[in-house]
Amino acid sequence: MTTIALVNVGYLLITLTIGAIAYRRRSLGADDYFLGGRSARTVVLFMALFGTNVTPFVLLGIPGLSYHHGIGVFGLNAAIIALGVPLTFYLIGYPAYLAARRVGALTPAELYAERFASPAVGLVLFLAYFVYTLPYMVTAVIGVGLSAAVLTGGALSFAAAAAAVLVITLLYTTLGGMRATMWTNVFQGTVFLGLMVAATAWIAADLGGPTAAMERVAASRPELLVKASGGAMAPGPWASWGLAIALTVIGFPHILVRLFAARDATAIKNACRLYPLIMIVLWIPAVLLGVWGAIEFPGLVAKASDSILPMMIEAHLPPAVMGLALAAVLAAVMSTLDAQLLTLSSMLTRDVLGRYLPRFTERREVALGRAFLLVIAVAVFAIVMLEPASIFEIAAFAFSGYVTLVPVLYLGLRWRRMNAAGAITSIVAGNLVLLLAWGGLLPKPWVILPVVWGLGAAIVGAWLGARFGPATPEAARRRVMGPVDEVFAGPERSG
Amino acid sequence: MLVLLVLHVDVWNQGRGDGLILGFIPYDLAYHLLWMLVAWAVVIYMTIFVWPDEQVDQVDPTSPTPENKEVGGGAARP
């Protein structure tokens, strides 16, 4: 227990030190606090995107899912993300980066409010982001609670661990803003990636090598080594989940904001080139540990399998590495939580309060952003204490919601006729229909998942709104889309 | 791209065992690893040959253009 505590205190001290250094390097403007001065080069940008994107959904939820469904979980998730993330960064992320840079937007809601000359679009977008980001943050904190409870043998309770991670993340995020979160992400990403690879190699060796470990699975649970014919692996759910997981990442506001912080196009392109490779390195260990865990700890039911990774580590690794494992989960959680907290607070202060209340100075804006961080953290903690569902189930709900925003994010920057009515109709229709589908009120041909309904309704809503709503003033459209048109179509078509 | 998407929904691999490749890699894992490597090649091609670079005057956010002087204070603000 002492060793585990020491390793984690060391990890937290390093994280806070990085946050403090970033704090000393800050300037006072909102641009610096919320976007780190838009100066992230390849390594920092890539690790910030990677660290932000990886949560306990991967470190705990995927081993938990593989425990039940076997090796097919890799193809179901990792493969399509490896293509979906770079593709959506090209189609949406890069145009958003170009436009945000030109108009000085700090948040996605701000960018699209400018594009449509409509504060209402910013408000609706903020509400949608808020509704889906809160449960996604909950999955992260649940992950810390579960890991701490298993790895410390109950010495650190679920509630204490959840509260501690929220407090520490608040500390360095509040002080250092985006620069702190991006710098700490480099360290945190290294910690959890290194741990996953090292732990898998160690556990495989402890099981007699990868061949022996796989032969044990083949002998007692051969179905775990085969893509199943039904359930989540049937063609309908498989294809619709692929759609969700491929499109959802660009729908995360905290990812889009990270792209705003890029120094140049080269940094974004390099991040795309590295993404598929890092997916392989991280996801293979996550799936293998779940499959091997099914043999070693049979009988876990439903969300109990979320604890299989810490259980495997606790069974096979020495205390120092167990400490590192907990630090790795903390790293994965904090690297996402900080970005989510910062993005939500920046949208509330700039896109809601900043527009509807008397105008703030930049200093007051930052101060208000910090206060809102605290409010969000308390709300997350309250929901975590309810432990509403498994990590995968909560994440699936959030991911589906983010996908309904993708038509607006894409069409807003690439379709001249898209307007405020189209954006609002798309978001409202997409989410209403998604809700109906989640409630089982819509048919499920080929057993498709609710996300397909939500995405379809969002596309139809965008078209209807654009067809019948008033056009965006040309000056506002050109102000935001101008740099995108210049790059993608050349200056002669942009004017 | 379309071919990759079709190959991703690999209904023909459902229930297919085929033992362990090299003694420890399940067939389904090997299939999707290969798929990811092809996808990676597509991404490399896209970033080199398809993805347009930004204009030189868009690289520096501190350049004194009228637009980025007006941080956060754009047209939609009241």
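This text follows the structure it describes.
Since this is a predicted model, take the numbers as computed values, not measurements. (Residues numbered from 1 in each chain as written. Chains lettered and ligands numbered in written order. Predicted model: local features only at pLDDT ≥ 70, side-chain atom pairs only at ≥ 80, totals over all residues. Heavy atoms only, no water.)

Undergrad: In this structure, what is going on with the overall build of chain B? I would like to understand it.
TA: Looking only at helices and strands, chain B has 3 helices and 2 strands in total. For chain B, the sequential pattern of α-helices and β-strands runs α-β-β-α-α. Split into buried and exposed, the 78 residues of chain B put 37% on the buried side. Total accessible area on chain B is roughly 4300 Å²; 71% of this is exposed by carbon and sulfur atoms. (Helix = DSSP H or I, 4+ residues; strand = E, 2+ residues; numbered from the N terminus. Buried < 20%, exposed > 50% of the residue type's maximum accessible area, 1.4 Å probe, protein only. Areas by Shrake-Rupley, 256 points an atom, 1.4 Å probe, with all protein chains shown as cover.)

Undergrad: What's the story with the overall build of chain A in this structure? I'm lost.
TA: Counting secondary structure elements, chain A contains 21 helices and 0 strands. Relative to the compact-globule value of 23 Å for 495 residues, chain A shows a C-alpha radius of gyration of 22 Å, a close match. Across its three principal axes, chain A shows a C-alpha extent of roughly 65 × 55 × 40 Å. Evaluated residue by residue, chain A yields a buried proportion of 64% over its 495 residues. Pairs at least 24 residues apart make up 86% of the contacts formed inside chain A by residues separated by at least 6 positions. Looking at chain A as shown, the accessible area adds up to about 15800 Å², and 70% of this sits on carbon and sulfur atoms. Distance between charge centroids for chain A: 10 Å, based on 32 positive and 21 negative side chains. (Rg over C-alpha atoms; globule rule 2.2 N^0.38 Å. Contact = heavy atoms within 4.5 Å. Lys, Arg positive; Asp, Glu negative; His and termini not counted. Charge placed at Lys NZ, Arg CZ, Asp CG, Glu CD.)

Undergrad: What am I meant to see in the nonpolar core here?
TA: Across soluble globular proteins, nonpolar side chains have a tendency to be buried as a group. Counting 187 residues, the largest nonpolar core has Phe 57, Phe 89, Leu 111, Tyr 112, Leu 282, Trp 283 and Trp 292 of chain A as the members making the most contacts within it. Not counting residues within four places of it along the chain, the set of residues in contact with Leu 111 of chain A comprises Ala 96, Ala 99, Ala 100, Val 103, Ala 105, Phe 260 and Val 480 of chain A. (Core = buried A, V, L, I, M, F, W, Y, C linked by side-chain atoms within 4.5 Å.)

Undergrad: Would you take a moment to explain the environment of Gly 469 of chain A for this structure?
TA: In this structure, Gly 469 of chain A sits in the loop between α19 (450–468) and α20 (474–489). With sequence-adjacent residues up to four places away left out, Gly 469 of chain A is seen in contact with Asn 419, Ala 421 and Leu 464 of chain A.

Undergrad: How do you make sense of the packing of aromatic side chains when you look at a structure like this?
TA: Centre-to-centre distance and the angle between the planes together describe a pair of aromatic rings. Residue and element names in this part refer to chain A. Going through the model one piece at a time under the given rule, you end up with 25 aromatic pairs over all chains. Look at Phe 57 and Trp 283: their rings are 6.4 Å apart centre to centre, the planes differ by 65 degrees, and that puts the pair in the edge-to-face class. Of this pair, Phe 57 sits in helix α4 (residues 56–69) while Trp 283 is found in helix α12 (residues 265–296), placing the two residues 226 residues apart along the sequence. The exposure class assigned to Trp 283 is buried, which follows from its relative accessible area of 2%. Through a chain of ring-to-ring contacts, three or more aromatic side chains come together here, namely Phe 57, Tyr 132, Tyr 136, Trp 241, Phe 252, Trp 283, Phe 397, Phe 399, Tyr 402 and Trp 438. Over the ring of Trp 238 we find Lys 227; its NZ or CZ atom is 3.6 Å from the centre of that ring. Between the NZ or CZ atom of Arg 414 and the centre of the ring of Phe 488, over which it lies, the distance is 4.1 Å. (Phe/Tyr/Trp six-rings, centres within 6.5 Å; stacked < 30°, edge-to-face > 60°. Lys NZ or Arg CZ within 6 Å of the ring centre and 35° of its normal.)

Undergrad: Explain the pattern of salt bridges to me, please; I cannot follow it from the model alone.
TA: When their charged atoms lie close together, side chains carrying opposite charge are able to pair. Residues and elements named next belong to chain A. Across all of its chains, the model carries 9 salt bridges over all chains by this definition. Where Arg 221 meets Glu 223, a salt bridge forms, and the shortest distance between an N and an O atom there is 2.5 Å. Under the relative-accessibility criterion, Arg 221 is labelled partly exposed at 26%. When the shortest N-O distance is used, the salt bridge between Asp 485 and Arg 477 registers 3.7 Å. The exposure class of Arg 477 is buried, given its relative accessible area of 3%. Through salt bridges that share partners, Arg 416, Glu 474, Arg 477 and Asp 485 make up one connected network. (Salt bridge = Lys/Arg side-chain N within 4 Å of Asp/Glu carboxyl O.)

Undergrad: Which parts of the structure should I look at to understand the interface of chain B and chain A?
TA: Interface size is commonly expressed as the accessible surface area that is lost when the partners come together. The interface is formed by 51 residues belonging to chain B together with 62 residues belonging to chain A. When chain B packs against chain A, close to 5100 Å² is buried across both sides, 65% of that on carbon and sulfur atoms. At the surface where chain B touches chain A, the tally comes to 2 salt bridges. We note a salt bridge from Lys 269 of chain A to Asp 53 of chain B, for which the minimum N-O separation is 2.9 Å. For the pair chain B and chain A, the interface holds 12 residue pairs in polar contact (both at pLDDT 80 or more). Looking at the side of chain B that touches chain A, the element that brings in the most residues is helix α2 (residues 27–50) of chain B, giving 15 residues. Considering only residue class, the side of chain B that touches chain A consists of 28 nonpolar, 14 polar and 9 charged. (Buried area = accessible area lost by both parts, 1.4 Å probe. Polar contact = N/O pair within 3.5 Å; in protein donor to acceptor, adjacent residues only side chain to side chain. Nonpolar A, V, L, I, M, F, W, Y, C, P; charged D, E, K, R; others polar.)

Undergrad: Where do I start with unusual backbone geometry in this structure?
TA: Peptide bonds are mostly trans, and most non-glycine residues show a negative phi. Even without glycine at this site, Trp 446 of chain A takes up a positive phi of about 55 degrees. One non-glycine residue, Leu 22 of chain B, adopts positive backbone phi at about 60 degrees. Since its relative accessible area comes to 69%, Leu 22 of chain B is described here as exposed.

Undergrad: Honestly, helix α5 (residues 72–103) of chain A in this entry has me stumped. Any pointers?
TA: Residues that lie three or four places apart on an α-helix share one face, since the helix turns once every 3.6 residues. Residue and element names in this part refer to chain A. For α5, spanning 32 residues, the distance from its first C-alpha to its last is 44 Å, which sits close to the expected 46 Å at 1.5 Å a residue. Most pronounced at Phe 89, the bend in α5 amounts to some 45 degrees. In terms of burial, α5 is a largely internal element, 30 of the 32 residues being buried. In the stretch just after α5, Gly 104 is the one whose phi turns positive, near 75 degrees. (Expected span 1.5 Å × (residues − 1). Bend = angle between axes of the 7 residues up to and from the residue.)

Fair warning: the whole summary comes from geometry, so function is off the table for now.
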